[in-house]
Amino acid sequence: MMDCSKTEQLLSRYYDNELQGRERIAVSQHLAACARCARRAEEFRSLSEMVRRLPDPAPPAGLWARIVAALDQPALTRPTPTPVPSRARRVLQARWLAAAAVLLALGLTLGGLQRWRGSAPEEAMTSLTPYLQTFAESPDRAQQILLARHEGERLDIGDLRHRVPYRPLAVQRPPEGFVVDSVYLVKLSCCSCVETICRGPDGQTLVFFEHSRPDCHCFGHHGVTCQCAGRPTQIVAHAGYLAATWRVDGRSVTAVGVRDLTQLVQLVGYFARSESPSAS
Amino acid sequence: MTAPTDQLVAACQQQDRQAQQKLYEEFSGRLYRLAVRMVGNEDADDVTQQIFLQVFRTIGQFGGRSRFETWLYRLAVNECLQHLRRRKQKALQPLLGEPASHQHDAEARTEQRELIEAALGRLEPDLRAVFVLREVEQMNYREIAEALDLSDGTVASRLNRARKQLRDILLDMGWVP
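What this report covers is the structure whose coordinates are included nearby.

Rules used in this analysis
Residues numbered from 1 in each chain as written. Chains lettered and ligands numbered in written order. Predicted model: local features only at pLDDT ≥ 70, side-chain atom pairs only at ≥ 80, totals over all residues. Heavy atoms only, no water. Phe/Tyr/Trp six-rings, centres within 6.5 Å; stacked < 30°, edge-to-face > 60°. Lys NZ or Arg CZ within 6 Å of the ring centre and 35° of its normal. Buried < 20%, exposed > 50% of the residue type's maximum accessible area, 1.4 Å probe, protein only. Helix = DSSP H or I, 4+ residues; strand = E, 2+ residues; numbered from the N terminus. Pairing = 2+ DSSP bridges. Expected span 1.5 Å × (residues − 1).

Notes on the packing of aromatic side chains
All names here are of chain A. In the structure shown here, the tally under the stated rule is 15 aromatic pairs over all chains. The side chain of arginine 24 reaches across the aromatic face of tyrosine 14, ending 4.3 Å from its centre. The residue whose ring lies beneath arginine 173 is tyrosine 270, and the NZ or CZ to ring-centre distance is 4.4 Å.

Comments concerning the pairing of strand S7 (residues 241-248) of chain A
All names here are of chain A. Most of S7 is tucked away, with 7 of its 8 residues classed as buried. Pairing of strand S6 (residues 231-238) with S7, which is carried by 6 bridges, proceeds in the antiparallel orientation. By the bridge assignment for S7, glutamine 234 is matched with threonine 245. Alignment of S7 against strand S8 (residues 251-258), held across 7 bridges, turns out to be antiparallel. Paired with alanine 243 across the strands is valine 256, a residue of S8. A loop of 2 residues connects S7 with S8, the two strands running antiparallel in sequence, and aspartate 249 in this loop sits at a positive phi of about 55 degrees.

Description of helix H8 (residues 152-172) of chain B
Every α-helix carries 3.6 residues per turn, so stepping three or four residues along brings you back to the same face. All names here are of chain B. Taking 1.5 Å of rise per residue, 21 residues should cover 30 Å, and H8 covers 30 Å from first to last C-alpha, within 8% of that figure. Those residues of H8 that fall on the buried side of the exposure criterion are Val155, Ala156, Leu159, Asn160, Ala162, Arg163, Leu166, Arg167, Ile169 and Leu170. At the C-terminal side of H8, glycine 174 shows a positive phi close to 95 degrees.

Take a look at the structure:
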């Protein structure tokens, strides 16, 4: 006969009618013979009964109006929750750790980059460092830091063509599964960039800085440069994500918040397919 | 569960405000109830609001690979768990209905309703989510597994732990089964 330990293990399945066949019969026989386990099953029934008796709460009358008002507010003023990592996400995180281990083994972290000073690229890196360091914890807070340190303004997508001489690729065609949350014109040390904040599945935030020049080096001379989707791409690792710069459409693009190398290769390839024929 | 029409979801993906309102009317009762059981009465309004904001902001990513309700409940439970984490970090508010002194106060809690609400508030959030989806939303194990991205086995073991923990909490509060 089934023992108490095994019965306890299967008791919820049995109680919820999720146990079939011989196991169900064995649990049933044990409960008929064991007063202690039968009492446990009875307690399950009592719990269900208590929950069933709870009143059914109704949402407050003004809730829809509140939602509409919040929907009409600018996106960044709303809190952005971080969903619980899904199993798929956990697998990606494991891949990220493997990729990060390689980069970290080479000493390719932002900590090392902070030591660089002087020329324009390093100044850009220094001023971006607080933003990049905060990004993994909270992209929204990182954005506040960025705007506190750099001149920047939020743009209406419809006004973009009047404000910049190119159509930003991330706005025109955000990566698959991502939606454009907001667009800013930010004056970094290297140039004035169009910053596009995209929100994706599982709450991932990807930010693209599209520089006006092809030779912007947001990370100074640090990181590792490798071929991603056939493009020389400068990559730096930070806690939990990658940031990378590559050339596209006669300009350079910096992506922040990239989950792993697999996603980076997909992004570089994706933007390469979006660029104008004359630039490729 | 009543499935919303594909057209309604499609219209919401186009940010159609009328369709959004219909979707709200269809699901607000269930999602509000879920929020009350997960985070308590005080925060349920805010959390339900946040759930719907997230729904409307991300519904474009719903590709129909799972049932819409599954996607919706996954998002809603994640919002509740996220809220509980933030609340724990801030340590500003007690859990739902939890008294300052919870030991041996069954006399003050003659209502079983208050007992179970307080006990639910003391249940570990991950266990609470599984328990609420099963006992309140009447989902089967497969539906819970899909909504929470867990295996059936994990759902079963969490339900076992949830019931045992809940029973222990209630007994500690003076519950007589």
